[in-house]
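Breakdown of the fold
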Amino acid sequence: MLDQHPVSWSKNGIIAYSDSNSTKGNLCITFLENINGSNWRFHPPAKYVIHPQLHEISTNSGNKKLASSGSNTTTATAVATVGSSTTAGSSGSPPQSTTTSNGTSSNSKSSNHFFYNITSIHWNNWFSLPGDMLAVCDELGNMTMLIAGQSPEGATTFEKLTMLFQDNIYKIHNHVAPLTQQIDKESEFKIERKHTKKEYNTRILDFHWLSSSKSIIISQFCAFDSTSNVYRNKALQIAPSGVFYPPFMKYACMAVRRNGQLDFWYQFSNSKDHKKINLHLLPSQNQRLKELDWFQFARITPMKDDQSILVSGYSKITKKICFYKVLVNWNTPSANKNNALNDPTLIVTPILEVPLSTIDDEGRVLKFYDLVVLSKTAIDKDTSAEVLVVYHICGTQKTLIKRFKLMNSYLTMDFLSVLKPGIESINGGNMQPIKSKHYTLRHGHDIFLDKRVSNITTELLDNFVTFFYDNGSVDVFNQNDWNKERERIKSQNNKSKFLNVMTSALSTGLSFRNIPLSSAIEWVRLSPTMTGIIYKLKTDNVPRFSTLTRSDLTDASMDELDAIAFAFTFVNSTHRQLSAEDLSVACKSHIINLSEISEDRAKDFIMTLMSNLYPFFNVSPDAPKDIMDKMISSRPIQKIMLLQLELGTRLKDERIAQMARVILYLKNVLFAFNGVARNLQFAIEQMNNGNSNASTKMFQTLFSKQDLIYSLIPIANWFVKFVTFLIQEVLLLVNNPSESKNTLVLGVFGAKMPRQLILSVLNEIKKIMQIISKFPETTYPVLNESSTYLRMVLSDTPVNFEKFETFLVDVNNKFTAFSEQQPASEKDNILKREYSLLIQAEVPPSHARISDFLVAYSCNAVISHIKPSDVYFTDTTGLRLTDTEFLEADFSHLLQPLSKGVVVNLLSDDQNSSKRFSQMIIDGVTYDKFSPKELENGKMKRCSRCGAVTRAGYVIAEDKTIVPTSIHTKRWPTMYTRTCICSGMLYELQH
């Protein structure tokens with residue numbers, strides 16, 4: 001059977017998977033990265049060794065130890081109750097090696113360390129968790145807890161991992177240390193892979209992260225409302241149910257081992273120590289029986305009962321499926337007890353045991369294959385856990401899946417009246433059955449499949465279950481009705497108010513191509529948004545990715561449905577905080593296939609998809625100014641623009657991608673000016689209120705203040721060029737109106753969002769200029785050069801900013817007045833105009849007069865006050881609005897036939913470096929040009945989505961400050977440590 005746990009894809013886009021063959025490591029870290037706007041690849045995997053003595057080996061060649069976070073070994077002493085008996089402390093197998101209090105190994109027989117196969121990997125993706133912690137479990141049962149994007153020194157990029165602690169079954173070792181990649185050269189510590197055929201009774205069979213107390217938003221479904229002729233998305237806010245940890249906890253998670261031991265890890269918010277509670281599920285007190293009564297399968301499943309979770313297992317000894325209810329008491333401190341934090345307590349109650357049948361109703365012999373226990377969300381009418389017992393029918397290639405619901409049993413009043421006469425009067429005469437504390441399995445409709453199931457997985461998006469078959473085919477089922485998801489729309493009737501009900505990207509009939517036979521695959525998993533399959537062949541070192549596809553694209557009427565389905569999935573994934581690069585890859589693959597048939601059809605598909613995202617998020621691109629200001633800074637708008645950029649890149653008409661770049665760049669410029677303005681005001685207030693006499697401290701404070709101003713110069717230079725570029729395009733339209741199909745200016749001036757962004761930037765520039773004029777630097781006049789340079793850059797423009805601002809304000813007012821004068825029936829047409837301008841910089845034919853108005857009015861309001869020749873011949877290169885300015889020409893074509901997909905498996909050695917993909921000339925965040933020194937020796941980060949390269953967050957080189965100084969300064973220190981201006985993930989480029 002294919003194991004479903006050796007791979008985990010985090011919400012942030014980092015993919016962790018086990019390597020069972022390499023002699024250099026057993027854990028690989030990779031992610032999808034964009035190569036050229038059309039092709040993607042899995043970044044060359046970083047290999048790590050996760051071994052039981054990882055906490056003993058220092059990170060600096062064994063010479064120096066990092067400080068541990070708390071004590072070296074900590075075990076919770078909280079009592080865990082099993083039925084009516086109690087078990088305290090820790091239990092488990094004998095130690096594999098002993099460790100002294102200072103962390104050095106006391107086993108002197110051999111200096112060798114061994115690492116083992118990793119059997120399960122788990123990111124904390126559950127419910128509202130952020131997806132930045134990783135639990136790695138090996139075949140012995142050792143669990144190593146890692147965190148992404150954090151180091152002992154502070155925040156880092158997400159692909160870098162740091163160990164928080166190790167649990168070697170019998171003991172927790174609190175030790176914070178960054179993981180180092182395995183390289184070919186020999187190290188001081190000899191670490192070897194150890195293959196073992198033994199089945200350890202301490203192996204972890206299932207692991208589950210517990211949710212925080214935060215609520216989440218989900219998109220339940222999307223449908224066409226026939227009364228208003230629009231698609232609507234039903235979004236709901238869901239509070240956590242079952243077990244979730246309180247605010248005074250940092251995290252909590254649990255696992256069940258083969259021997260029936262349940263481990264519960266947690267950390268208090270005010271503590272550096274990680275703690276553990278363990279207890280045994282099996283009621284027997286005989287240790288030998290505990291060791292013999294191993295689980296073959298075990299599952300941890302959320303359940304509806306308050307602070308309770310369900311643990312299920314199949315025992316090889318008793319041939320029964322056992323169910324246990326685990327109640328977690330967090331021992332929340334009361335206000336009158338000095339808020340002392342007590343360890344939680346766990347109570348385990350066996351609730352049901354059922355034997356397995358070996359013959360079905362028709363007399364066929366059944367072979368038990370797998371046990372799957374599914375949870376339901378709190379919004380479902382029936383929240384009972386669903387149990388799937390998977391059988392292979394002997395002598396055939398068929399599968400039988402028996403479905404059960406685990407639910408409370410009900411007792412009739414007739415039965416109760418026998419036990420307790422007169423109970424009818426006590427119950428007020430109510431003769432309805434009474435819910436008992438006992439549980440039962442209610443048999444539902446079985447699923448009979450003509451193919452042999454090799455693996456069943458549950459998905460991050462709620463209520464979906466995926467069946468992988470031996471022959472390489474894949475089916476996704478919706479748990480609400482157990483229909484195949486790809487047949488959802490096809491099976492609906494057209495008599496309801498809501499038509500074309502979709503619950504995922506597969507609902508319209510999109511499907512997965514067959515992957516290789518299960519015998520050739522090491523592991524397989526659906527991607528987080530269910531738009532692709534990630535799998536690894538036993539003969540490969542790197543995973544492969546297969547996207548959703550429509551085998552027949554001849555029917556253009558399906559384009560709208562497919563676009564709506566992708567839009568709905570995008571909104572749902574954004575609500576769930578998913579990075580959704582898998583969705584971008586699937587959409588891009590579909591669009592490229594459409595463009596091979598018709599470029600216009602591909603553009604229409606993008607227009608339909610993008611224009612439906614705004615109402616699905618309940619926002620409008622024509623919103624009033626106060627709402628627009630909030631929209632501009634919101635994460636959904638940033639994600640929408642990233643998707644528009646990814647889908648529009650490499651099309652023949654570049655304006656779709658260019659409009660997205662304009663919005664993202666202007667958002668970044670606004671953030672820069674606004675942030676510097678606020679920080680300058682704060683710094684000036686601090687200096688006015690402070691009493692610093694030390695000249696060194698005074699110089700450092702003043703230098704930091706002026707360095708903020710200096711950091712704006714490249715960004716101000718870009719903005720000045722951009723405004724000049726817009727007026728250049730107006731001049732082109734004046735001389736040749738037919739050029740409107742090739743210019744951006746109508747989209748920038750005509751759409752409200754870019755107009756509002758430019759106006760906001762101009763307002764922030766005025767604030768900065770007022771501050772530097774009112775508070776010049778006089779103590780150290782050399783530092784005031786930064787203010788002088790900024791003033792020079794902003795004034796060195798052939799465009800009059802005041803006239804330009806007045807022009808944009810007037811356009812805003814005229815468009816608003818025009819919209820208000822239109823009847824309600826024209827509202828949809830106004831929105832269509834706004835979408836067309838914002839997405840593809842194109843004026844719809846029904847609003848053709850807008851082009852003439854914008855050109856004529858800009859001539860009167862702006863160009864009449866400047867010298868057109870000065871504007872026309874001004875250098876506006878380096879804006880990086882086109883693909884050719886941004887991405888390398890060597891990769892400007894599809895790197896493999898479309899039949900093989902858009903994710904490239906292998907690149908030649910001379911093309912394999914990520915540095916080859918983007919033009920490394922201008923910093924994608926600060927807009928500063930890279931110096932030769934930075935290009936040669938400086939640390940660089942690249943965005944895995946848009947391809948921008950940046951040094952934001954690193955220490956600024958001496959030659960990039962206003963004066964050379966020994967002061968180490970960082971700009972954009974936290975905002976862009978991990979995340980690009982497009983919201984994509986930044987990763988460090990290797991030298």
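What counts, and at which threshold
- Residues numbered from 1 in each chain as written.
- Predicted model: local features only at pLDDT ≥ 70, side-chain atom pairs only at ≥ 80, totals over all residues.
- Heavy atoms only, no water.
- UniProt positions renumbered as here; feature names shortened; annotations may be inferred.
- Helix = DSSP H or I, 4+ residues; strand = E, 2+ residues; numbered from the N terminus.
- Buried < 20%, exposed > 50% of the residue type's maximum accessible area, 1.4 Å probe, protein only.
- Contact = heavy atoms within 4.5 Å.
- Areas by Shrake-Rupley, 256 points an atom, 1.4 Å probe, with all protein chains shown as cover.
- Core = buried A, V, L, I, M, F, W, Y, C linked by side-chain atoms within 4.5 Å.
- Pairing = 2+ DSSP bridges.
- Axes fitted to C-alpha atoms, helices over the stretch in contact; angles between N-to-C directions.
- Phe/Tyr/Trp six-rings, centres within 6.5 Å; stacked < 30°, edge-to-face > 60°.
- Patch = residues over 30% accessible without salt bridge, like charges linked within 9 Å, V, L, I, M, F, W, Y side chains within 5 Å.
- Salt bridge = Lys/Arg side-chain N within 4 Å of Asp/Glu carboxyl O.
- pLDDT = per-residue confidence, 0-100.

The chain has the name Mediator of RNA polymerase II transcription subunit 16 in an unreviewed UniProt entry, where Maudiozyma barnettii is given as its organism. Annotation of the chain in UniProt includes, under Subcellular location (unreviewed entry), the sentence "Nucleus".

**Some words on the overall build of the chain**
From N to C terminus, the chain includes 20 helices and 45 strands. Here the chain, with 991 residues, has 58% of them falling under the buried criterion. For the chain, the share of sequence-separated contacts (at least 6 apart) that also reach a separation of at least 24 residues comes to 66%. Of the accessible surface of the chain, which amounts to about 42000 Å², a share of 50% is contributed by carbon and sulfur atoms.

**Some remarks on unusual backbone geometry**
Of note in this structure, N331 is not a glycine but carries a positive phi near 50°. With respect to the helices and strands, N331 occurs in the loop between β26 (320-329) and β27 (345-355). With phi around 55°, A841 is a residue other than glycine that occupies positive phi space. Within the fold, A841 resides in the loop between α16 (827-840) and α17 (849-861).

**Here's the deal with the nonpolar core**
By size, the foremost hydrophobic cluster in this structure holds 156 residues, and its most contacted members are L609, F719, F722, F749, M753, I758 and F804. In contact with L609, other than residues within four places in its own chain, are A563, F566, A567, C587, L643 and L647. Membership of the second largest hydrophobic core comes to 46 residues, among which are C137, L262, F264 and L281.

**Quick look at the sheet that holds strand β21 (residues 249-257)**
Strand order across the open sheet formed by four strands is β18-β21-β22-β23, with antiparallel pairing between neighbours. Among the strands making up the open sheet, the edge pair consists of β18 (204-209) and β23 (275-280). Across the sheet, the mean angle from the axis of one strand to that of its neighbour is 20°, orientation sign disregarded. Pairing geometry for β21 and strand β22 (residues 261-268), over seven bridges, is antiparallel. Bridge assignment links C253 to a residue of β22, and that residue is W265.

**Observations concerning the packing of aromatic side chains**
This structure, assessed with the given rule, holds 39 aromatic pairs. Ring centres of F467 and W482 lie 6.5 Å apart, and the angle between their planes is 40°; this geometry places the pair in the tilted category. Of this pair, F467 sits in strand β34 (residues 464-469) while W482 sits in the loop between β35 (474-478) and β36 (483-484); the two residues are 15 residues apart in sequence, bridging distant segments of the chain. No difference in accessibility class separates F467 from W482, as the two residues are buried. For the pair Y872 and F873, a centre-to-centre distance of 5.2 Å together with 85° between the ring planes defines the contact as edge-to-face.

**Overview of a nonpolar patch on the surface**
On the surface, L732, Y872 and F873 cluster together to form a nonpolar patch covering roughly 350 Å² of accessible area. Mapped onto the secondary structure, F873 falls in the loop between α18 (868-872) and α19 (883-886).

**Regarding the pattern of salt bridges**
Using the criterion set out here, one finds 43 salt bridges in the structure. The salt bridge partner of K939 is E988, with a shortest N-O separation of 3.7 Å. Here E988 lies in strand β45 (residues 986-988) and K939 lies in the loop between α20 (932-937) and β43 (941-943), a separation of 49 residues in the sequence. Exposure remark for E988: the relative accessible area of 16% places this residue in the buried category. The structure contains a network of salt bridges with shared partners spanning K603, D653, R655, K741 and E842.

**Some details on the side chain of S819**
Relative to the elements of secondary structure, S819 occurs in helix α15 (residues 801-821). Classification of S819 by relative accessible area gives buried; the value is 18%. If near-sequence neighbours (up to four positions away) are discounted, S819 is found in contact with D622, I830 and R833.

**Overview of the confidence of the model for the chain**
Residues of the chain with pLDDT of at least 70 account for 89%, and the chain-wide mean is 88. The secondary-structure element of the chain with the lowest mean pLDDT is strand β8 (residues 85-87), recorded at 30, while strand β12 (residues 143-148) shows the highest, at 98. In this model, residues 59-110 is a region of pLDDT below 50 whose contacts with residues beyond four sequence positions or in other chains number 117 contacts.

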